[in-house]
Amino acid sequence: QVQLVESGGGLVQVGGSLRLSCAASGRTFGYYFMAWFRQAPGKEREIVGNIMLSGGQPYYADSIKGRFTISRDNAKNTMYLQMNSMKPEDTAVYYCAVRRGPYSGYDYWGQGTQVTVSS
């Protein structure tokens, strides 16, 4: 079992910034990819981006490219999502998830953290 806990969500104004954290614990060995997803009201969940824990460039969805940055601290088993120049359409519940490899499904999910961007 892997436990994922997101934190850092909240209310921010348009153009502002937030940093989300996703702390992993439990049997994390063998899970090499972590990702951020989000789900806005009335919409399907979409991927924000992912990162390989061994290194390499993160993947970003076009909608957030250039504004959001994913990073990790392997010593702390924590992934981050730095969100800048935020827009109202970034309002969503943000989730982190882990998977073993690039072609496997996401096995474990966090409970989500609400991000609201006010105009």
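Each remark here, short or long, concerns the structure printed above.
Rules used in this analysis
Residues numbered from 1 in each chain as written. Predicted model: local features only at pLDDT ≥ 70, side-chain atom pairs only at ≥ 80, totals over all residues. Heavy atoms only, no water. Helix = DSSP H or I, 4+ residues; strand = E, 2+ residues; numbered from the N terminus. Rg over C-alpha atoms; globule rule 2.2 N^0.38 Å. Contact = heavy atoms within 4.5 Å. Lys, Arg positive; Asp, Glu negative; His and termini not counted. Charge placed at Lys NZ, Arg CZ, Asp CG, Glu CD. Buried < 20%, exposed > 50% of the residue type's maximum accessible area, 1.4 Å probe, protein only. Pairing = 2+ DSSP bridges. Disulfide = S-S within 2.5 Å. Core = buried A, V, L, I, M, F, W, Y, C linked by side-chain atoms within 4.5 Å.

*Asks:* Describe in detail the overall build of the protein chain, supporting the description with residues and values.
*Replies:* Check the secondary structure of the protein chain and you find 0 helices and 11 strands. If you list the helices and strands of the protein chain from N to C, you get β-β-β-β-β-β-β-β-β-β-β. The globule rule puts the C-alpha radius of gyration for 119 residues at 14 Å, and the 13 Å found for the protein chain is close to it. The long-range share in the protein chain, meaning contacts at least 24 apart out of those at least 6 apart in sequence, stands at 53%. Taking the average place of the 12 positive charges on the side chains of the protein chain and the average place of its 8 negative ones, the gap between the two points comes to 5 Å.

*Asks:* Before we move on, could you go through the pairing of strand β11 (residues 113-118) and cite the residues and values that matter?
*Replies:* One face of the sheet, then the other: side chains in a regular strand alternate in exactly this way. Only one face of β11 is buried: it carries Thr 113, Val 115 and Val 117, and the other face, with Gln 114, Thr 116 and Ser 118, is open. The sheet contact formed by strand β2 (residues 10-13) and β11 spans 4 bridges and is parallel. Counterpart to Gln 13 in the pairing with β11 is Ser 118. Strand direction decides the pairing type here: strand β9 (residues 92-99) and β11, joined by 3 bridges, are antiparallel. Directly across from Tyr 94, in β11, lies its bridge partner Thr 113.

*Asks:* So what about the state of the cysteines? Which residues, and what values?
*Replies:* Considering all chains together, one arrives at 1 disulfide under this definition. Note that Cys 22 is cross-linked by a disulfide to Cys 96, the S-S spacing being 2.1 Å. Its torsion about the S-S bond being 65°, the disulfide of Cys 22 and Cys 96 is classed as right-handed. Taken together, the residues Cys 22 in strand β3 (residues 18-26) and Cys 96 in strand β9 connect sequence positions 74 residues apart.

*Asks:* Please provide a residue-by-residue account of the nonpolar core, values included.
*Replies:* Of all hydrophobic cores here, the largest spans 29 residues; its most connected members are Met 34, Trp 36, Leu 81, Met 83 and Tyr 94. Among the secondary structure elements, those contributing two or more residues to this core are β1 (2-7), β3, β4 (33-39), β5 (46-52), β7 (68-73), β8 (78-83), β9 and β11. In this view, Met 34 contacts Leu 4, Cys 22, Ala 24, Asn 50, Ile 51, Leu 53, Met 79, Ala 97 and Val 98; residues no more than four positions away in its chain are not counted.

*Asks:* Go over unusual backbone geometry, please, and point to the residues and values.
*Replies:* Non-glycine residue Asn 77 carries a positive phi angle of around 50°. Inspection of the secondary structure puts Asn 77 in the loop between β7 and β8. Phi at Ser 85 takes a positive value of approximately 50°, unusual for a residue other than glycine. Following the sequence through the fold, Ser 85 ends up in the loop between β8 and β9. According to the relative accessible area criterion, Ser 85 is partly exposed, its value standing at 42%.

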